[in-house]
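Letter by letter, the chains look like this.
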Amino acid sequence: MARKKKSRLTHKKKSTKNLDKAPPEGLAISQFNLLVPYGSFVVEDSEGELNDFRTGDIAYIKPYETAPSEEMPMEDHWIGRIREIRASGPDNVWVRVQWYWSPQEVAQVIKSFHPEFCGQYEKLFSGNHDIVSSQCFSGLVQVKEYDERKLEQPFIEEDDWFCRYQFEYTSKRITPKPATIVCVCGVPYIPGVDEILHFCPRPGCRTAHHQTCLLERGLVEDLSEERCRRLIETWPDAGRTDTVESLAHTDTPPRKRRKGMDTSTAGCPVLRDDPLKAFPEELIAVAEQQIVKGTKAGGIVGNVTAVASARNLIYRMLSEDAIVPDDWKTMLDIESAFPVATPQTLPGFLCPSCGSPI
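The structure displayed is predicted, hence computed values, not measured ones.

R227, L231 and I232 are the residues of helix α4 (residues 225–232) that are buried. For α4, the angular spread of the buried residues around the axis is 145°, confining them to a single face. Contacts made by the buried residues of α4 are with β15 (220–221), α6 (281–287), α7 (304–319) and β17 (348–349).

As structure tokens, this is what we get:
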């Protein structure tokens with residue numbers, strides 16, 4: 001039997017200036033559970049525009065003691081994810097919300113937490129829920145998940161809301177612990193503030209370090225063609241012993257070219273006598289880039305995804321003795337691999353943990 005689709009309610013926000021303010025206590029959970037569940041609700045604002053809210057959406061919510069008709073900047077709103085919608089009618093719609101907390105709010109609960117190490121548009125996703133009137137909802141918003149150790153990241157604009165940490169109020173715990181992902185100086189990455197950080201993609205590292213800290217500690221080396229090759233061999237998903245030569249088995253006789261095999265730059269066989277020359281020059285140029293992020297290095301997430309994808313593609317083609325696909329450019333964002341605010345030639349740096357070029 002097909003599951004019955006939940007209906008939605010349309011609630012009109014009144015524009016009267018004497019509208020009651022949202023009650024601080026919301027609605028008791030016992031009362032909320034007696035109401036009829038819905039899949040969505042629509043709020044009509046004072047200008048007659050309809051705003052549709054659904055279970056799972058993230059929304060701007062006006063704080064308690066604020067009249068629903070009162071105008072206020074979006075950044076002054078609270079942010080929460082809609083978990084459940086219940087109502088007894090169009091004029092009595094209530095929503096169970098799971099809150100995003102500001103760093104400053106979390107610091108009031110966990111005294112050891114440093115809000116100054118967070119970005120301006122950073123939130124922490126909490127385990128706290130409240131029952132909120134639909135009158136308090138102002139609009140939808142996106143909060144992007146940001147995992148500093150994940151290689152595939154969505155682009156985050158400087159004014160996008162994002163979330164790195166989970167906050168559990170009862171146990172007063174933050175995950176991941178901010179102290180576990182820090183620069184060699186012991187300070188975590190501050191998105192939107194730090195200028196240039198260098199990221200090591202090795203599976204055992206996955207950490208970014210301030211350029212200034214690397215310089216202060218003498219973790220530098222000369223730029224050279226050999227270093228560029230070692231940058232490519234800093235494989236994001238493989239061990240340190242794998243080199244271009246070992247993957248290509250250049251000590252064995254070259255494989256005979258199959259009849260009709262394309263030997264052009266894109267779609268070429270991985271040749272054994274000079275493995276990297278078999279790859280498109282543009283792909284090699286991306287893979288040779290230092291992985292960086294920061295206000296002067298491509299933004300909050302930088303070029304991590306593009307460069308890591310290029311290196312992984314080369315690794316896979318070499319290890320599988322495969323052909324570079326003709327559509328390889330669709331597999332990575334080439335433009336993001338070359339941060340426009342970064343100087344043409346960055347110094348050569350070494351990872352403080354594993355010694356790899358970064």
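Quick look at the layout of surface pockets now. By volume, the largest pocket is sized at about 660 Å³. In terms of lining, the largest pocket is formed by 34 residues, of which the most central are F155, I156, G298, G299 and I300. If one sorts the elements of the lining of the largest pocket by residue count, α7 sits on top with three residues. The residue makeup of the lining of the largest pocket, split by class, is 17 nonpolar, 13 polar and four charged.

Glancing now at the pairing of strand β5 (residues 58–61). Alternating residues of β5 divide into I58 and Y60 and A59 and I61, and every residue in both groups is buried. Pairing analysis gives four bridges linking β5 to strand β6 (residues 78–89), with the strands arranged antiparallel. Its bridge partner being in β6, I61 is matched across the sheet by W78. Two elements, β5 and strand β9 (residues 137–140), share three bridges in a ladder whose sense is antiparallel. Looking across to β9, one finds that I61 is bridged to F137.

Tracing the backbone shows K144 in strand β10 (residues 143–145). Residue K144 is classed as buried on the basis of its relative accessible area of 16%. A polar contact of 2.6 Å, which involves the side chain of K144, links it to the backbone oxygen of F155. When neighbours within four sequence positions are excluded, K144 is seen to be in contact with F155, I156, D160, W161, F162 and C163.

Time to look at the environment of K293. Counting through the fold element by element, K293 comes out in strand β16 (residues 292–293). K293 gets classed as buried once you look at its relative accessible area, which sits at 2%. On a C-alpha basis, the gap between K293 and N303 in space is 6.6 Å, while along the polypeptide they are ten residues apart. Discounting chain neighbours no more than four positions away, the residues touching K293 are Y146, E148, Y189, E195, I196, L197, A208, G299, I300, V301 and G302. There is a polar contact of 3.0 Å between the side chain of K293 and the side chain of Y146.

Residues W235, F279, I314 and L318 are the most contacted members of the largest nonpolar core, which totals 38 residues. Those elements that place two or more of their residues in this core are β13 (197–200), α5 (244–248), α6 and α7. Of the residues forming this core, the biggest block, nine residues, is contributed by α7. Ignoring any residue separated from it by four or fewer positions in sequence, one finds I314 in contact with I232, W235, L276, F279, L283, I284 and A287.

Following the criterion strictly, the structure yields 15 salt bridges and no others. A salt bridge links E84 to R86; the shortest N-O distance between them is 2.7 Å. Note that R227 is salt-bridged to E221, the shortest N-O span being 2.6 Å. What emerges from the salt-bridge pattern is a single network uniting E122, E148, R164 and K293.

This part is about unusual backbone geometry. Here T175 and P176 are connected by a cis peptide whose omega angle stands at -10°. Residue position: P176 is located in the loop between β12 (173–175) and β13. Look at R206: it is not a glycine, yet its phi comes out positive at around 50°. Here R206 shows up in the loop between β13 and β14 (207–210). R206 sits in the buried class, given a relative accessible area of 15%. At D321, a residue that is not glycine, the phi angle is positive and equals roughly 50°. As for its placement among the helices and strands, D321 is situated in the loop between α7 and β17.

Below, the discussion takes up the pairing of strand β4 (residues 50–54). Covered by surrounding structure in β4 are N51 and F53 only, the residues L50, D52 and R54 on the alternate face being uncovered. Summarising the sheet, strand β3 (residues 40–44) and β4 pair through five bridges and their orientation is antiparallel. Looking at the pairing, F41 lines up with F53 of β4.

Reading the values: rules and limits
Residues numbered from 1 in each chain as written. Predicted model: local features only at pLDDT ≥ 70, side-chain atom pairs only at ≥ 80, totals over all residues. Heavy atoms only, no water. Buried < 20%, exposed > 50% of the residue type's maximum accessible area, 1.4 Å probe, protein only. Helix = DSSP H or I, 4+ residues; strand = E, 2+ residues; numbered from the N terminus. Arc of directions from axis to C-beta. Contact = heavy atoms within 4.5 Å. 1 Å grid on protein atoms, 1.4 Å probe; cavity = no way out; pocket = protein on both sides within 12 Å on 5 of 7 lines; lining within 4 Å. Points joined across faces, edges and corners; volume = space filled by probe spheres on them. Nonpolar A, V, L, I, M, F, W, Y, C, P; charged D, E, K, R; others polar. Pairing = 2+ DSSP bridges. Polar contact = N/O pair within 3.5 Å; in protein donor to acceptor, adjacent residues only side chain to side chain. Core = buried A, V, L, I, M, F, W, Y, C linked by side-chain atoms within 4.5 Å. Salt bridge = Lys/Arg side-chain N within 4 Å of Asp/Glu carboxyl O.

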